[in-house]
Amino acid sequence: MTVSTPEAVVPAGGADRYVVGEAMCPYRLVLEHVTSRWGVLVLIQLLDRPYRFSELRRAIGRVSEKMLTQTLQTLERDGLVHRDAKPVIPPRVDYSLTDLGREAALQVKDLALWTERRMPDVARAREAYDEAKRA
């Protein structure tokens, strides 16, 4: 199977600058951030509304403080999440999606919904695979 390079990956005037298959390609790194285990869940959760750190952590569940912090920082650096720190005591920090983040979140939400819809097919495929391996 041949995978074509999306035009958005190739910058104008520099066709060799970004190579999708290269480990350090910016396109690939952003894709890894958006589709990471916690990245997907953060983006989908923030579609609803802005969240404070602790309520986002509770809403996602089973994510450590360290991983959530790293995920939010990465998504903020990529321009997908906005961090709004209010100068009050105690400090209040709200996280929300940027326009770019909302666009990405809608894409990963569609993938998550597809996964949910197609899970019975995946389960059947797994059973068939496991049965064939046992035989």
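A brief structural summary. Chains are numbered independently. Their residues run from 1 in the order of the written sequence. Reporting in this predicted model follows two pLDDT cut-offs: at least 70 for local features of residues, and 80 or more for side-chain atom pairs to be given and counted; totals over whole chains, interfaces and linings ignore these cut-offs and use all residues. To get the side-chain values, take all heavy atoms of the structure and skip hydrogens and water.

1. A short note on helix α4 (residues 65-77)
To qualify as a helix, a DSSP run of H or I must reach at least 4 residues; to qualify as a strand, a run of E must reach at least 2; elements of each kind are numbered from the N terminus. The span one expects for a helix is its residue count, reduced by one, times 1.5 Å. With 13 residues, α4 ought to run about 18 Å at 1.5 Å a step, and its terminal C-alpha atoms sit 18 Å apart, in line with that. In this fold, the buried residues of α4 make contact with α1 (26-35), α2 (37-46), α3 (53-60), β2 (81-86) and β3 (92-97). Just downstream of α4, G79 is the residue with a positive phi angle, here 85 degrees. Throughout, a residue-residue contact means that at least one pair of heavy atoms, one from each residue, lies within 4.5 Å.

2. A few points about unusual backbone geometry
With an omega of -5 degrees, the peptide bond running from I89 to P90 counts as cis. The residue P90 is located in the loop between β2 and β3 in this model. Even without a glycine there, the phi angle at R62 is positive, about 55 degrees. Within the secondary structure, R62 is located in the loop between α3 and α4. Burial status follows relative accessibility: with a 1.4 Å probe on protein chains alone, a residue under 20% of its type maximum counts as buried, one over 50% as exposed, and anything between as partly exposed. For R62, a relative accessible area of 74% corresponds to the exposed category.

3. With respect to the packing of aromatic side chains
Describing an aromatic ring pair means giving the distance of the ring centres and the angle of the ring planes. Paired rings are identified among Phe, Tyr and Trp, the last through its six-membered ring, by centres lying within 6.5 Å, and are further divided according to the angle between planes into stacked (under 30 degrees), edge-to-face (over 60) and tilted (the rest). The final tally for this structure, using the stated rule, is 0 aromatic pairs. Positioned over the ring face of Y51 is R49, at 3.9 Å from the centre of the ring. Counting as a charge over the ring demands two things of the Lys NZ or Arg CZ atom: a distance within 6 Å of the ring centre and an angle within 35 degrees of the ring normal.

4. Here's the deal with the sheet that holds β3
For sheets, the rule is that strands pair by backbone hydrogen bonds, running either parallel or antiparallel. The sheet built from 3 strands is open, its strands ordered β1-β3-β2 with antiparallel pairing. With one partner strand each, in any of the chains shown, β1 (51-52) and β2 form the two edges of the open sheet. Note on pairing: two strands pair once DSSP finds at least 2 bridges between them. In terms of strand pairing, β1 meets β3 through 2 bridges, oriented antiparallel. Paired with Y51 across the bridge in β3 is Y95.

Interpretation note: all reported values are geometric properties and have no functional meaning in isolation.
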